[in-house]
Each structure stands twice: as structure tokens, then as C-alpha cells.
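Given next are the chains, with one letter for each unit.
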Amino acid sequence: MKKYLLIMIAFVLFLTSCEKESEGISKETQFATFTMSGDQYISLVKGGTFTDPGVTAKEGAADLTVAVSGNVNTSVEGVYDIVYSAVNKDGYPGSVTRTVAVLPSAEQAGVDISGTYSYVASAGSSQITKLAPGFYLTTNVYSPASAMPAYILTVDGVNLTVPLSSLSGFGPLKGTGVISPTGALTYKIDVINFGIVGSTRRWQK
């Protein structure tokens with residue numbers, strides 16, 4: 001009888017131990033969910049005013065505190081990131097980003113350089129997408145062998161600025177460009193970490 005009781009006690013202790021381990025392993029957490037007011041991509045003219053539309057965050061039904069980092073210098077042309085972050089009750093962080101472009105002047109009527117461009121020297125293509133007036137994202141400014149996404153600013157659809165950004169593993173790059181009436185697109189690109197300055201890259205729409 002004693003032997004039977006000892007076996008039963010050992011079995012109960014085993015089940016309790018497994019239950020505790022299982023609880024530790026299967027613990028769930030709810031990550032922050034963000035709601036962004038306004039557009040994710042915004043452009044404005046140099047000298048204008050940027051008013052942040054704001055972002056809220058929740059963990060389930062509970063509100064989370066949102067920390068904001070980054071700023072927009074409206075007196076200097078370029079692209080700026082505003083990062084909104086929040087941490088849930090278990091200490092897990094999350095974030096979303098709004099990107100703002102400061103243009104030299106207002107976009108001219110009818111300008112849109114978006115589309116698919118083929119690399120002239122070899123097979124390969126890149127896609128240019130319009131994010132906001134005068135503000136674009138291309139999947140590649142360099143070559144099919146070294147894909148380097150970048151932002152593009154243009155208000156006239158002819159003269160391009162590739163503002164300083166680091167959207168790929170190649171690090172920061174910047175440059176200029178021009179598009180002809182026939183859709184010939186030529187970039188002059190600086191890849192800063194590799195000491196490349198003014199590398200000519202040709203694409204055709």
C-alpha cells in the first residue's frame with residue numbers, strides 16, 4: 001500500500017512539473033499594433049511646414065505609449081524618416097516609419113516618371129514607383145548584379161536627385177540623374193562605403 005501511495009505521489013509531482021514547464025514554453029505575447037494617421041510617404045516644398053499626423057499603438061485593447069524619433073528639416077532638400085516605436089508589457093518592441101521628402105519646388109503638372117526601366121548594358125529591370133508628388137522609390141539605381149534601391153526626387157520629370165539614403169546592404173548612396181524625352185534614364189551614383197563616385201548607370205523605359 002505504501003509503495004502504491006509513493007508511486008501515485010511521484011506521478012502527481014511529475015504531472016505538475018510538466019504542466020509548469022508547458023506553461024513557460026507556451027506563454028503568448030501580443031505585439032504592438034500601430035495605426036498611422038495620414039500617409040506613410042509625404043512630400044512638401046522647401047520652406048514649408050511639416051505637421052506630423054501622428055501614430056497610435058495598442059496591445060490588444062490597451063493603449064501603448066508611442067515614442068517618436070527623427071525630425072524633418074524643411075529648409076534642406078532631402079528625405080527624412082520619422083520612427084514611431086512602442087513596447088508591449090512583455091518588453092517586446094515594435095515600430096513603424098513615416099518618410100518625408102523635402103522638394104526644391106512644387107511638382108510641375110502632369111509629371112510622373114514611374115514605370116519599368118531596363119538596364120542598357122545587360123539583362124535586368126528596375127521599377128520606379130511614385131510615393132507622393134515629386135517623390136519616388138526605385139528598386140535599383142545601379143545594375144542587375146548589384147541591386148541598390150533608392151529614393152528619387154524630381155519636380156520637372158527631367159532632372160533627378162537621388163538623395164542620401166541607405167536602403168540596401170551596400171550602405172549609403174546618393175547621386176543625380178536625367179531622363180530624356182525618349183525615356184533614356186542616366187544616373188551618376190556615389191556609393192560612399194565603396195569609394196565609388198559618379199558611376200554612370202544607364203536605363204531605358
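Caption draft 1: Geometry of the side chain of Thr74. The topology assignment puts Thr74 in the loop between strand 5 (67-69) and strand 6 (78-87). There is a polar contact of 3.1 Å between the side chain of Thr74 and the backbone oxygen of Gly48.

Caption draft 2: Structural context of the packing of aromatic side chains. Scanning the entire structure with this criterion turns up five aromatic pairs. Their ring planes at 65 degrees and their centres at 5.4 Å tell us that Phe31 and Tyr92 sit as a pair that is edge-to-face. With Phe31 in the loop between helix 1 (2-25) and strand 1 (33-36) and Tyr92 in the loop between strand 6 and strand 7 (93-103), this pair connects stretches of sequence that are 61 residues apart. For Phe31, a relative accessible area of 49% puts it in the partly exposed group. Arranged with centres 5.3 Å apart and planes meeting at 50 degrees, the rings of Phe135 and Tyr151 form a pair that is tilted. Placement of the pair is Phe135 in strand 10 (residues 135-138) and Tyr151 in strand 11 (residues 150-153), with a sequence separation of 16 residues.

Caption draft 3: Summary view of the pattern of salt bridges. Within the structure shown, the criterion is met by four salt bridges. Arg98 serves as the salt-bridge partner of Asp52, at 3.6 Å between the closest nitrogen and oxygen. Residue Asp52 is found in the loop between strand 2 (41-45) and strand 3 (55-59), and its partner Arg98 is found in strand 7; the two are separated by 46 residues along the sequence. We note a salt bridge from Lys58 to Asp63, for which the minimum N-O separation is 2.5 Å. A relative accessible area of 34% places Lys58 in the partly exposed class.

Caption draft 4: Up close: the nonpolar core. Counting 20 residues, the largest nonpolar core has Ile113, Ile128, Leu185, Tyr187 and Ile189 as its most contacted members. Mapped by element, the contributors of at least two residues to this core are strand 8 (115-119), strand 11, strand 12 (159-165), strand 13 (173-179) and strand 14 (184-191). The biggest single contributor to this core is strand 14, with four residues. If sequence neighbours within four positions are ignored, Ile113 has contacts with Ile128, Tyr136, Ile152, Thr154, Gly157, Leu160, Ile179 and Lys205. Judged by nonpolar contacts, the second largest core, of nine residues, contains Leu44, Val72, Val100 and Val102.

What counts, and at which threshold
- Residues numbered from 1 in each chain as written.
- Predicted model: local features only at pLDDT ≥ 70, side-chain atom pairs only at ≥ 80, totals over all residues.
- Heavy atoms only, no water.
- Helix = DSSP H or I, 4+ residues; strand = E, 2+ residues; numbered from the N terminus.
- Polar contact = N/O pair within 3.5 Å; in protein donor to acceptor, adjacent residues only side chain to side chain.
- Phe/Tyr/Trp six-rings, centres within 6.5 Å; stacked < 30°, edge-to-face > 60°.
- Buried < 20%, exposed > 50% of the residue type's maximum accessible area, 1.4 Å probe, protein only.
- Salt bridge = Lys/Arg side-chain N within 4 Å of Asp/Glu carboxyl O.
- Core = buried A, V, L, I, M, F, W, Y, C linked by side-chain atoms within 4.5 Å.
- Contact = heavy atoms within 4.5 Å.

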